[in-house]
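Structural features, examined
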Amino acid sequence: MYRIRYEKDKNYLFVDAYNMINFWPDLVKLKDINLEDSRICFIDKMIEFSHFTKEKIILVFDAYLVKGSGGKIYKKDGIVIVFTKENERADHYIERELDMIGRLRNVRVATSDATIQEIILSRGGTRISARELLAEVENSKKVTKNLQKKLKEKNLSSFDKNDIKKLKDLKNNLK
């Protein structure tokens, strides 16, 4: 099992994952069909977002109703995914981790739970709602697409002009 090690100079984003899945419109629709697919889709979105943001992302899924769950923590493509233990809610897990981290680090928590939002603020963290995180994720996609478009328009190549001419000549000779 993966163990989270908090570093002093890093920024962290804890996400109450089911809060997001129950709010983001595309995930709500998917959840109504298949919960596992909505989890996978959300994890993929957050992996993509993690490449844009400078924060270490920790997704926390409630497993408090799963009988016999001992919890699970693992890392996937740069983000940490936590499934809580039986009888442990995501907000309790996040609260405990905030106690451990202390005030030495820059921590944000994405949740729509008003109680945990108050706790976050009292412990020196900042909160972000499900709506705000969705806006950040969508904005990061737009920025990334615009960057890709600009790079494509510039027609960047690792070959210099002489190499390109040689390749074109070779291509013409093969014909």
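Refer to the structure presented above.
Now for a description of the structure that goes with this document. Keep in mind it's a predicted model, so treat the numbers as computed, not measured. (Residues numbered from 1 in each chain as written. Predicted model: local features only at pLDDT ≥ 70, side-chain atom pairs only at ≥ 80, totals over all residues. Heavy atoms only, no water.)

A word on the pattern of salt bridges
For the structure shown, the criterion picks out 8 salt bridges. Of the charged contacts in the structure, one is a salt bridge between Asp91 and Arg89, with a shortest N-O distance of 3.6 Å. For Arg89, a relative accessible area of 32% puts it in the partly exposed group. The partner of Asp169 in a salt bridge is Lys165, and the shortest N-O contact between them spans 3.0 Å. (Salt bridge = Lys/Arg side-chain N within 4 Å of Asp/Glu carboxyl O. Buried < 20%, exposed > 50% of the residue type's maximum accessible area, 1.4 Å probe, protein only.)

Some thoughts on the packing of aromatic side chains
Throughout the structure, instances matching the rule amount to 5 aromatic pairs. One aromatic cluster in this structure is built from Tyr6, Tyr12 and Phe14. The positively charged end of Lys72 is found above the aromatic ring belonging to Tyr74, 5.0 Å away from the centroid. (Phe/Tyr/Trp six-rings, centres within 6.5 Å; stacked < 30°, edge-to-face > 60°. Lys NZ or Arg CZ within 6 Å of the ring centre and 35° of its normal.)

Comments concerning the environment of Met100
Following the sequence through the fold, Met100 ends up in helix H4 (residues 90-101). Put simply, Met100 and Tyr6 are 94 residues apart on the chain and 9.2 Å apart in space, counted from C-alpha to C-alpha. (Helix = DSSP H or I, 4+ residues; strand = E, 2+ residues; numbered from the N terminus.)

Some thoughts on the environment of Gly71
Secondary-structure assignment places Gly71 in the loop between strand S2 (55-61) and strand S3 (72-76). Accessibility expressed as a relative area gives 26% for Gly71, which makes it partly exposed.

Brief notes about the nonpolar core
In terms of nonpolar packing, the biggest core is built from 24 residues, with Val15, Trp24, Phe42, Met46, Leu59 and Leu133 touching the most fellow members. Elements with a minimum of two residues in this core: strand S1 (11-16), helix H1 (17-21), helix H3 (35-50), S2, strand S4 (79-83) and helix H6 (130-154). No other element matches the 5 residues that H3 contributes to this core. Within the second largest apolar cluster, 19 residues are counted, among which are Ile58, Val60, Leu98 and Val107. (Core = buried A, V, L, I, M, F, W, Y, C linked by side-chain atoms within 4.5 Å.)

Notes on the side chain of Glu97
Position of Glu97 among the secondary structure elements: in helix H4. Salt bridges are absent for the buried Glu97, whose nearest opposite-charge side chain, Arg96, sits at 4.4 Å. Among residues more than four places away in sequence, those in contact with Glu97 are Tyr6 and Phe14. (Lys, Arg positive; Asp, Glu negative; His and termini not counted. Contact = heavy atoms within 4.5 Å.)

Structural notes on the packing of helix H2 (residues 25-33) against H3
Packing of H2 against H3 brings their axes to within 6 Å, and their N-to-C directions diverge by 150 degrees. Considering the angle they form, H2 stands roughly antiparallel to H3. Contacts between H2 and H3 involve Asp26, Leu27, Leu30, Lys31 and Ile33 from the former and Leu35, Asp37, Ser38, Cys41, Phe42 and Lys45 from the latter. Of the residues in the contact of H2 with H3, the class split is 6 nonpolar, 1 polar and 4 charged. (Axes fitted to C-alpha atoms, helices over the stretch in contact; angles between N-to-C directions. Parallel < 35°, antiparallel > 145°, perpendicular 65-115°, else oblique. Nonpolar A, V, L, I, M, F, W, Y, C, P; charged D, E, K, R; others polar.)

Some details on the sheet that holds S4
What the 6 strands build is an open sheet, ordered S3-S4-S2-S1-S5-S6; its pairing is mixed. Of all strands in the sheet, those bounded by a partner on one side alone are S3 and strand S6 (126-128). Each adjacent strand pair in this sheet contributes to an overall mean axis angle of 20 degrees, direction not counted. Across 3 bridges, strand S5 (residues 106-110) lies against S6 in parallel orientation. (Pairing = 2+ DSSP bridges.)

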